[in-house]
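Understanding the architecture of this molecule
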Amino acid sequence: ESLCVSLCSRHYGIGGDGIVLIEESSAADAKMRIFNIDGSEGKMAGNAIRCVAKFLFDKGIVKKEKMRIETASGIKTVTVFVSNNLVTSATVDMGAASFALGDLPALLPCEEAVDYPAEIAGEEYRITCVSMGNPNCVIHLDEISKEKAMELGPYVENASYFPNRINMQLCKVMDRGHIRVEIYERGAGYTLASGTGAVSYTHLRAHE
């Protein structure tokens, strides 16, 4: 935890949203642990696990084009695509999304919160709660921005509904093929991309 805080400091360290540790696993090809910039340990990160797979393959530690990686949210299968013996891209089988509030957890008077009216920071927002091995709160807005995500994010992350805190995605549908998302992650703050966040939103569209 302390190593993560010092390394990720944008002024005194390397800078970053967190660090990823790779360990041996008795159940899979390798084990991944992630720590956020504030030192808290995360459960799953879609982008990080693809980086782990590339590292394992390129360094010759796991020379498989389909590998199993243990996470705090279970074992995930990653498929890597290789050119000149180096990984150029990777995909992850993230598993099924869960809308059950007990899986996040979220303390709301319903079994699923899909477009649920919740009061946050003194205003009502329509929220949808999705678990992809980590908790996500998706909010549709007509207009979104980095500034809005940074303003609203801390209130959503630490809302009393979410005893273990939560990730937030502000989403705007641009057209049938494009979605714009602004992301605020628990323990990391505003961030540029999130694999689990993107999957949460696409599962939501399918659920609707």
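The text that follows walks through the structure, step by step, so that each part is easy to find. (Residues numbered from 1 in each chain as written. Predicted model: local features only at pLDDT ≥ 70, side-chain atom pairs only at ≥ 80, totals over all residues. Heavy atoms only, no water.)

Here's the deal with helix α3 (residues 146–157)
When the terminal C-alpha atoms of α3 are compared, their 16 Å separation across twelve residues agrees well with the 16 Å that a helix rising 1.5 Å per residue should span. If you check which residues of α3 are buried, you get Ala149, Leu152, Gly153, Val156 and Glu157. Along the axis of α3, the buried positions cluster into a sector of 130°, meaning they face one direction only. Buried residues along α3 sit in contact with β7 (116–120), β8 (123–131), β9 (135–140), β10 (167–175), β11 (178–185) and β12 (189–191). (Helix = DSSP H or I, 4+ residues; strand = E, 2+ residues; numbered from the N terminus. Expected span 1.5 Å × (residues − 1). Buried < 20%, exposed > 50% of the residue type's maximum accessible area, 1.4 Å probe, protein only. Arc of directions from axis to C-beta. Contact = heavy atoms within 4.5 Å.)

Quick look at the sheet that holds β8
The mixed open sheet is built from six strands, whose spatial order is β7-β8-β9-β10-β11-β12. Among the strands making up the open sheet, the edge pair consists of β7 and β12. Neighbour-to-neighbour, the strand axes of the sheet open up by a mean angle of 40°, direction not taken into account. Of the strand pairs in this sheet, β9 and β10 are connected by five bridges, and their pairing is parallel. Along β10, the bridge assignment pairs Ile139 with Leu170. (Pairing = 2+ DSSP bridges. Axes fitted to C-alpha atoms, helices over the stretch in contact; angles between N-to-C directions.)

Points about the pattern of salt bridges
Tallied over the entire structure, the rule returns ten salt bridges. Close ionic contact of Glu143 with Lys172 constitutes a salt bridge, the shortest N to O distance being 3.1 Å. A residue pair is termed long-range when its members are at least 10 positions apart, and Glu143 in the loop between β9 and α3 and Lys172 in strand β10 qualify at 29 residues. Take Glu143: its relative accessible area is 57%, and that puts it in the exposed class. When the shortest N-O distance is used, the salt bridge between Arg165 and Glu157 registers 2.9 Å. Since its relative accessible area comes to 25%, Arg165 is described here as partly exposed. The class for Glu157 is buried, based on a relative accessible area of 6%. (Salt bridge = Lys/Arg side-chain N within 4 Å of Asp/Glu carboxyl O.)

Brief notes about unusual backbone geometry
At the junction of Leu104 and Pro105, the peptide bond is cis and its omega measures out at -5° in the coordinates. By the secondary structure assignment, Pro105 is in the loop between β6 (86–93) and β7. Phi is positive for Asn84, close to 55°, though the residue is something other than glycine. When you line up the elements, Asn84 lands in the loop between β5 (74–83) and β6. Residues other than glycine seldom take positive phi values, yet Asn85 does so here, at roughly 70°. Locating Asn85 in the fold gives a position in the loop between β5 and β6.

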